[in-house]
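So you can see what is in the structure, the chains are spelled out below.
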Amino acid sequence: YLKKPFEPAELIARIGGAVRIKRLQDELRERNAQLDNLSRIDALTGCYNRRHVDEQLQQQASSARRHEQPVAVLMFDIDHFKQVNDIYGHPAGDAVLAAVAAAVTVLLRDYDIIGRVGGEEFGFVLPNSPLLEAVEVAERLRAKIPEIALQRGGPRVTVSIGLAVVTRPGGDLGGYYGLADQAPCAAQQ
């Protein structure tokens, strides 16, 4: 505040200071948003990381309960990925992960959530997706990933996919996430 009568020079100085503080606060807010975004993105694949997928899973569980809509959870592992690293080297393994991430990203809807949740493990949350639709998505992923990975000149890649669908209000999406996560491991044995 300024006491009346105020000096024009003091008013200009105070306004300049307030504008400078506002600009710095805006820059800080923007940098914090950038840091938050960086903390949610897997640098290798450009997909979200497990933290973000888990948070989105909780939000979708809440929305699914409220709107009584199904939510599908898909998990997939790249089959025998350790062999890719052992035979072709880690740079080739990294290229495979990036190619798989790029392939699955274009196959999903804009509002589906994809993340790299482990070494060679990817997780998906598909809002408003009943069982048959989730199975179609899983089959589309299973069929397209080897084709796209080969187009990029890498080794042949296949995936094992598990899925679970919450179809009733109050379903524990976290429990379904665990079920979907166990299925790819069982498929590879």
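Everything numeric in this text was worked out from a predicted model, so none of it was measured.

## Looking at the overall build of the protein
Moving on, step 1. Looking only at helices and strands, the protein has six helices and five strands in total.
Moving on, step 2. Out of the 189 residues in the protein, the part that is buried amounts to 39%.
Moving on, step 3. Across the protein, contacts joining residues at least 24 apart in sequence account for 65% of those joining residues at least 6 apart.
Moving on, step 4. Total accessible area computed for the protein in this model is approximately 11,200 Å², and 55% of it derives from carbon and sulfur atoms.

## Concerning the sheet that holds strand 2 (residues 71-78)
Hydrogen bonds between backbone atoms are what pair the strands of a sheet, whose relative direction is either parallel or antiparallel.
Moving on, step 1. The five strands lie next to each other as 1-3-4-2-5, forming an open sheet whose pairing is mixed. Because the sheet does not close on itself, it has two edges, and the strands there are strand 1 (48-49) and strand 5 (159-166).
Moving on, step 2. Of the strand pairs in this sheet, strand 2 and strand 5 are connected by eight bridges, and their pairing is antiparallel. Its bridge partner lying in strand 5, Val-73 is registered against Ala-164.

## Some thoughts on the pairing of strand 3 (residues 113-116)
Moving on, step 1. Covered by surrounding structure in strand 3 are Ile-113 and Gly-115 together with Ile-114 and Arg-116, the residues of both alternating faces.
Moving on, step 2. Of the strand pairs in this sheet, strand 1 and strand 3 are connected by two bridges, and their pairing is parallel. Of the residues in strand 3, the one forming a bridge with Asn-49 is Arg-116.
Moving on, step 3. Pairing between strand 3 and strand 4 (residues 121-127): four bridges, direction antiparallel. Bridged to Arg-116 within strand 4 is Phe-122.
Moving on, step 4. Between strand 3 and strand 4, which pair antiparallel and follow one another directly, the connecting turn spans four residues.

## Here we look at the pattern of salt bridges
Moving on, step 1. Per the stated rule, a full pass over the model turns up 13 salt bridges.
Moving on, step 2. Where Glu-55 meets Arg-51, a salt bridge forms, and the shortest distance between an N and an O atom there is 3.5 Å. Taken together, the residues span about one helical turn, with Glu-55 and Arg-51 both in helix 2 (residues 50-67) at a distance of four residues.
Moving on, step 3. Owing to a relative accessible area of 31%, Glu-55 belongs among the partly exposed residues under this scheme.
Moving on, step 4. Using a relative accessible area of 37% as the deciding quantity, one classes Arg-51 as partly exposed.
Moving on, step 5. When the shortest N-O distance is used, the salt bridge between Arg-142 and Glu-139 registers 2.4 Å. Placement of the pair is Arg-142 and Glu-139 together in helix 5 (residues 131-151), with a separation of three residues, close to one helical turn.
Moving on, step 6. Taken together, the shared-partner salt bridges connect Asp-36, Arg-40, Arg-51 and Glu-55 into one network.

## Quick word on the side chain of Arg-116
Moving on, step 1. Counting through the fold element by element, Arg-116 comes out in strand 3.
Moving on, step 2. Residue class for Arg-116 comes out buried when judged on its relative accessible area of 17%.
Moving on, step 3. Among the polar contacts made by the side chain of Arg-116, one reaches the main-chain carbonyl oxygen of Gly-118 at a distance of 3.2 Å.
Moving on, step 4. Within the structure, the side chain of Arg-116 is placed 2.9 Å from the backbone oxygen of Gly-119, a separation counted as a polar contact.
Moving on, step 5. If sequence neighbours within four positions are ignored, Arg-116 has contacts with Asp-42, Leu-44, Thr-45, Cys-47, Tyr-48, Asn-49, Arg-50, Leu-97, Glu-121 and Phe-122.

## Here we look at the packing of helix 3 (residues 81-88) against helix 4 (residues 90-107)
Moving on, step 1. Two elements in contact, helix 3 and helix 4, have axes whose closest approach is 6 Å; the angle formed by their N-to-C orientations is 140°. Between helix 3 and helix 4, the crossing angle belongs to the class labelled oblique. On helix 4, the residues that touch Phe-81, Val-84, Asn-85 and Tyr-88 of helix 3 are His-90, Ala-92, Gly-93, Val-96 and Leu-97.

## Re unusual backbone geometry
Moving on, step 1. Residues other than glycine seldom take positive phi values, yet Glu-68 does so here, at roughly 50°.
Moving on, step 2. Note that Glu-68 resides in the loop between helix 2 and strand 2.
Moving on, step 3. Relative accessible area serves as the criterion here: at 60%, Glu-68 is assigned to the exposed category.
Moving on, step 4. For His-80, which is not a glycine, the phi torsion comes out positive at approximately 55°.
Moving on, step 5. Here His-80 lies in the loop between strand 2 and helix 3.
Moving on, step 6. For His-80, a relative accessible area of 48% gives the class partly exposed.

What counts, and at which threshold
As a convention, each chain's residues are numbered from 1 in the sequence order in which they are written. Thresholds applied to this predicted model are a pLDDT of at least 70 for local features of residues and 80 or more for the giving and counting of side-chain atom pairs; totals over whole chains, interfaces and linings are not thresholded and use all residues. With hydrogens and water stripped out, all remaining heavy atoms of the structure feed into the side-chain values. For the purposes of this entry, the term helix denotes a DSSP run of H or I that reaches at least four residues, the term strand denotes a run of E that reaches at least two, and both are numbered from the N terminus. Buried residues are those whose accessible area, probed at 1.4 Å on protein chains only, stays under 20% of the maximum for their type, while exposed residues exceed 50% and partly exposed ones sit between those limits. Should any heavy atoms of two residues lie within 4.5 Å, those residues are considered in contact. Using the Shrake-Rupley algorithm and a 1.4 Å probe, accessible areas are obtained, with residue cover drawn only from the displayed protein chains. Strand pairing requires that DSSP identify at least two bridges connecting the strands. A side-chain nitrogen of Lys or Arg and a carboxyl oxygen of Asp or Glu constitute a salt bridge if their distance falls within 4 Å. The definition of a polar contact used here is a pair of N or O atoms within 3.5 Å, where within protein one atom must be able to donate a hydrogen and the other to accept one, and adjacent residues in sequence count solely through side-chain atom pairs. Here the axes come from fitting lines to C-alpha atoms, over the contacting stretch only for helices, and the angles between their N-to-C directions go from 0 to 180 degrees. Should an angle lie under 35 degrees it is considered roughly parallel, over 145 roughly antiparallel, and from 65 to 115 roughly perpendicular; all remaining angles are considered oblique.

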